[in-house]
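# Chains, contacts and geometry: an overview
Chain by chain, the residues run as shown.
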Amino acid sequence: MESKRIAAEQAVELVKEGMKVGLGTGSTAYWAIQAIGRRVKEEGLNIQAVATSVQSEQLAKELGIPMMSFADVDVLDLTIDGADEVDSGLHLIKGGGGALLREKIVAAASKQLIIIVDESKVVNQLGKFPLPVEIVPFAFELTVKKLRNLGCEPKLRKNGEELFVTDNGNYIADCEFAAIADPAALHDELNGIPGVVDNGLFIHMANLVIVGSADGSIRSIS
Ligand code: DER
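Residues numbered from 1 in each chain as written. Predicted model: local features only at pLDDT ≥ 70, side-chain atom pairs only at ≥ 80, totals over all residues. Heavy atoms only, no water.

Under an unreviewed UniProt entry, the name given to the chain is Ribose-5-phosphate isomerase A, and the organism recorded is Paenibacillus catalpae. Listed in UniProt under the heading Sequence similarities (unreviewed entry), the comment for the chain reads: "Belongs to the ribose 5-phosphate isomerase family." As its UniProt record puts it under Catalytic activity (unreviewed entry), the chain is described as follows: "aldehydo-D-ribose 5-phosphate = D-ribulose 5-phosphate". (UniProt positions renumbered as here; feature names shortened; annotations may be inferred.)

## So, the site of the ligand
Near the ligand lie 16 residues; those nearest to it are Ser 27, Thr 28, Gly 95, Gly 97 and Lys 121. Note that an oxygen atom of the ligand is positioned 2.8 Å from one of the side-chain N or O atoms of Lys 4. Among the residues making up the shell around the ligand, the classes are represented as 1 nonpolar, 9 polar and 6 charged. (Near = heavy atom within 4 Å. Polar contact = N/O pair within 3.5 Å; in protein donor to acceptor, adjacent residues only side chain to side chain. Nonpolar A, V, L, I, M, F, W, Y, C, P; charged D, E, K, R; others polar.)

## A word on the state of the cysteines
The full count for this structure, using the stated rule, is 0 disulfides. Here Cys 152 is not cross-linked by a disulfide; its sulfur's nearest cysteine counterpart is in Cys 175, at 3.8 Å. According to the relative accessible area criterion, Cys 152 is buried, its value standing at 6%. (Disulfide = S-S within 2.5 Å. Buried < 20%, exposed > 50% of the residue type's maximum accessible area, 1.4 Å probe, protein only.)

## Here's the deal with the packing of helix H2 (residues 27-43) against helix H3 (residues 54-62)
Across the interface, H2 lies against H3 with an axial gap of 9 Å and an inter-helix angle of 25 degrees. With respect to H3, the element H2 is oriented roughly parallel. In this structure, H2 crosses over H3, and the sense of that crossing is right-handed. Note on element contacts: H3 touches H2 through Ser 56, Leu 59 and Ala 60, opposite Tyr 30, Ile 33 and Gln 34. (Axes fitted to C-alpha atoms, helices over the stretch in contact; angles between N-to-C directions. Helix = DSSP H or I, 4+ residues; strand = E, 2+ residues; numbered from the N terminus. Parallel < 35°, antiparallel > 145°, perpendicular 65-115°, else oblique. Left-handed = near helix turned anticlockwise from the far one by under 90°. Contact = heavy atoms within 4.5 Å.)

## What to know about the UniProt feature "active site" (unreviewed entry) in the chain
In this numbering, the UniProt entry assigns the feature "active site" (unreviewed entry) to Glu 103. In this structure, Glu 103 sits in helix H4 (residues 100-108). Judged by relative accessible area, which is 3%, Glu 103 ranks as buried. Dropping the residues within four chain positions of it, Glu 103 is found in contact with Thr 25, Thr 52, Asp 81, Lys 94, Gly 95 and Phe 202.

## Focus on the side chain of Ser 53
Tracing the backbone through its elements, the reader meets Ser 53 in the loop between strand E2 (48-51) and H3. Excluding its chain neighbours within four sequence positions, the residues that come into contact with Ser 53 are Thr 25, Ala 99, Arg 102 and Asp 167.

Given below as structure tokens:
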């Protein structure tokens, strides 16, 4: 937790007066939202935010972070979010928290995407973490078969005995590839399957990755 928190707090120092900010989802982004809430409360930081999940939106509102409508967003100045894996090319696997679709929409609307992780997320090659793929419920059995044909073992995410349902009413298939040699090609192949809404590969989207370590040190990759 400590290494995630120090990375998050380092990223929040980059939030400036008047910014429009995207708030990520997950246990690392949690610390960023907490830190932004503290700055709003203690410094009177004047920002407007959008969230990448119902969970993050609720937390932000509890902390008094001013939220804005997407109708008023042309572009966001900065989004701070976590990731499940980061490679040396700053390509990401995201979606462990089930929020990949809203996260990618918000990240794509941001001038800067800052990713905050602990050391365990930094890898040489993406793929050890099962790749989350958001799929529509209609004919999901067919979509799962097409995912399997790409050479992975797709597992539908569960919430207890039920299938997990995203904030957008879709399912998540966690696809075990073991190693992803060409993330950009796989990203496009996955999104070409009818029934796939989007996948957890974030290609050429992150501008800066802040890595927190258990010894309290922080490093950046850009
Ligand atoms: O779902 C996501 O993409 C989140 O960013 C999540 O995967 C990050 O994980 P964390 O809880 O370890 O920060």
